[in-house]
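Each chain is listed here by its residues.
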Amino acid sequence: MNRTNLMESNLFGHSNMQNINYQSNQHLISSELCSLLSSSPPVQSTALMQPPPAPVAPVAPVSGTLSCVYSNTGFDMIQILSRLMNRMNPQIQLGPIDLSCAFVVSDAKQYDMPIIYCSPAFERLTGYTNNEIVGKNCRFLQSPDGKVTCGSRRQHTDNQAVFHMKGQLNQGKEHQASIINYRKDGQVTVEMDGYELPLLLLTYSYEQPFVNLVTVIPLWDENNTIEFFVGLQVDLVEQPNSIIEKMKDGTYIMNYHQTSALHGYNVHLDSGDEYFRELPSDSVSNQYNEVISLLDATQIDFENLATRDQQFQKEWNKTLLDQCTDFIHVLSLKGLFLYVSNSCENILEYSPEELVGDSLNSICHPSDIIPVMREIKEASNDPDKIVTLLFRIRRKYSGYFWFECRGKLHMDQNKGRKCLILSGRERPVYRLLENQVRLSNMDEDNDNADDFWAKLTLNGLFLYVTPQCKETVGFNAESLENESIYQYVENGAVTDITRALELVKGGETVKVYHTILNSKGSYVPVVSVFYPGDIICSQGQPSFLLLQMRSHAPVDDEFETIVICSNEDVDEDDTNIFPELDPIRTTNWQYELYQLQKTNKKLKDQLDSYTNPKTRLRKKKVKTNDSHKICANCQRKDSPEWRKGPNGPKELCNACGLRYAKSIGPKR
């Protein structure tokens, strides 16, 4: 395993903060909330994701006649479902079907077969609204941006699966296939107020690929021509237990009922749709009263219409700030805490009163405080720069852990002082035991096998891939990153991969024998071993996964394709493959990474000298490049001159080297 390559690209595993997009033109903080943050008590409740609307007067009922009262779409879906279940000679057994399933109906007689009806569950599954779906061909789900040209080669999903579905559609046959689809890209924007500062906007961006098991059924009219296509969908990642039974012909009987697993994908419907989909009730007023109970109503003058909305927004922003799970804090350029949110009690085990006015030096790891303070000082010279700090921080009772925070510089125009507003959270890091890897590969012949390593999300999305993947599957690492593993495995292995991901989430190590698509368009047999990325011995759920994939001989149909590796002989005291990431290690992580790069280069040169000794003799001496050096003490990289340190020549910057020379001068 090329440990250095894996650590150089993403040293600390999957970060939950890596999808945060800090909008520089929106980085404002309001000074009007400083008194609220210091005087009002914290609100003990869960924060909602969006600010509620300001109170409005009741709307009088609309008089007049309404058309399509019982079906605002004007489409008789009950008749379509009846024809679907009572069709002649069904080739695929559908299982239970009702209106809670995710499905669409396409008009086969119109050009490009547009969607003419979609169920509410399909809107929740895909993230698109009814107005965005109706009138389009279903292929728009095959791309993250929803833009796919008819007949074009697919860049984000399996072309073989698309070709199979298109061929079955042209022949008018019932068919079933699993394919990578994409939910609509979303953004969750949270507004938070700082300490004597304007309003800070943090925007979270995310992509949502999912494995869609699609079942397409044609419906024929009296003239024996296809009138409609009904497509039923289910997300195999979110609902792996929806498969009821596998038939002999390779199809599946599914439970298409959408469970609460998709509650996080909310669709904002038009007010007209909401009017017909819900009976008039007092739910709106009840929700408003519930929101008011979260706020400090004494700070809102409901009778003053001129200031009511502004006061309401202030209290709402304060509630969001108090209930945010991230550690929101304000640091002076000298490292003093000016403000900390209530979440510090859960993350750092300190109360806000214990940290405000104290220095970051008191809880930061001694080996990390120098580079952290240097980053803070450099941020004062560039107000538009996004500041990213990665260091070890000490909890009050539980010891050190890796911590990442991001933010921006702010200047208070009234007082003329600068400070940093940061949002931080715990950063999971790699943790994998050598004995764990040895036991999982004990039964394999690894002498001539080409293997590579990768880091995946819990849903199978590649975050980082080592360059050795070129020898195994023929793809470059860059082409695999940000893609789903489901896009490359064969359809028959989808259920095995889904089951393996579920088992690894529980802390198990799982081995899967399957085939994967290579760069030549054919499927090659491989064996994949999935490891929990940052936990050992089933201690909770991992934050990310590690994948080891190697070439393997084809297996028989009777061979067990999925194996759970035993962890009985794995002990927590075994050697960690990534000892540099130990939170209690005495050296700085930047220096550790630099040393790994140097060691890896020496090993590579030594290997080249053994494999190609003649090339080494002809190789000219190259002048040493000091641009990649790093100081062993302060970790700076831009020193004009490098000096001798305690471990050898040219390991300290000019300033640290002079100080070191003075410290040892009197001893000579």
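Residues numbered from 1 in each chain as written. Predicted model: local features only at pLDDT ≥ 70, side-chain atom pairs only at ≥ 80, totals over all residues. Heavy atoms only, no water.

What to know about the pairing of strand β14 (residues 399-412)
Within a regular strand, side chains alternate between the sheet's two faces. We count it as follows: Only protein chains enter the calculation, and the probe is 1.4 Å; a residue is then buried if its accessible area is under 20% of its type maximum, exposed if over 50%, and partly exposed in between. By the criteria applied, helices consist of DSSP H or I runs no shorter than four residues and strands consist of E runs no shorter than two, each listed in order from the N terminus. Strands pair, by our definition, only if DSSP identifies at least two bridges between them.
In terms of burial, β14 is a largely internal element, 11 of the 14 residues being buried. When strand β13 (residues 386-395) meets β14, the two strands line up antiparallel, connected through 10 bridges. When the sheet's bridge partners are listed, L390 is paired in β14 with E404. Linking two consecutive strands that pair antiparallel, namely β13 and β14, is a turn of three residues. As paired strands, β14 and strand β15 (residues 417-426) are joined by 10 bridges and run antiparallel to one another. Along β15, the bridge assignment pairs L409 with L420.

What about the pattern of salt bridges?
The following threshold applies: Salt bridges, as used here, are contacts in which a Lys or Arg side-chain nitrogen is within 4 Å of a carboxyl oxygen on Asp or Glu.
Scanning the model with the defined rule gives 18 salt bridges in all. Among the ionic pairs, K604 bridges to D608, the shortest N-O distance being 3.5 Å. Remark: D608 and K604 occur in helix α17 (residues 589-611); sequence separation between them is four residues, near one turn of the helix.

What to know about the side chain of N212
Which entries qualify depends on this criterion: As used in this structure description, the phrase polar contact means that two N or O atoms lie within 3.5 Å; if the pair is within protein, one of them must be able to donate a hydrogen and the other to accept it, and residues adjacent in sequence are counted only when both atoms belong to side chains. When checking whether two residues touch, look at their non-hydrogen atoms; a contact exists if any pair is within 4.5 Å.
Along the chain, N212 falls in strand β7 (residues 209-220). Take N212: its relative accessible area is 1%, and that puts it in the buried class. At a separation of 2.9 Å, a polar atom in the side chain of N212 contacts the side chain of N181. Those residues in contact with N212 that lie beyond four places of it in its chain are A177, S178, I179, N181, Q233 and V234.

What about the packing of aromatic side chains?
Using the following cut-off: In this scheme Phe, Tyr and Trp rings, the latter by its six-membered ring, pair at centre separations within 6.5 Å, and the angle between planes marks the pair as stacked below 30 degrees, edge-to-face above 60, and tilted otherwise. In this scheme, Lys NZ or Arg CZ marks a charge over a ring once it lies within 6 Å of the ring centre and within 35 degrees of the ring normal.
Scanning all chains against the criterion turns up 10 aromatic pairs. Seen from their ring centres, F401 and F403 are 6.1 Å apart, and the 90 degrees between their planes marks the pair as edge-to-face. By relative accessible area, F401 is classed as buried at 4%. With a centroid separation of 5.3 Å and an interplanar angle of 65 degrees, the aromatic rings of F475 and Y488 are classed as edge-to-face. Of this pair, F475 sits in the loop between α14 (469-472) and α15 (477-480) while Y488 sits in the loop between α15 and α16 (494-505), and the two are 13 residues apart along the sequence. Relative accessible area serves as the criterion here: at 17%, F475 is assigned to the buried category. Classification of Y488 as buried rests on a relative accessible area of 8%. Ring pairing ties together the aromatic residues F327, F337, F391, F401 and F403, which thus form one cluster. Across the ring face of F140, the terminal group of K136 is positioned such that the distance to the ring centre comes to 5.2 Å.

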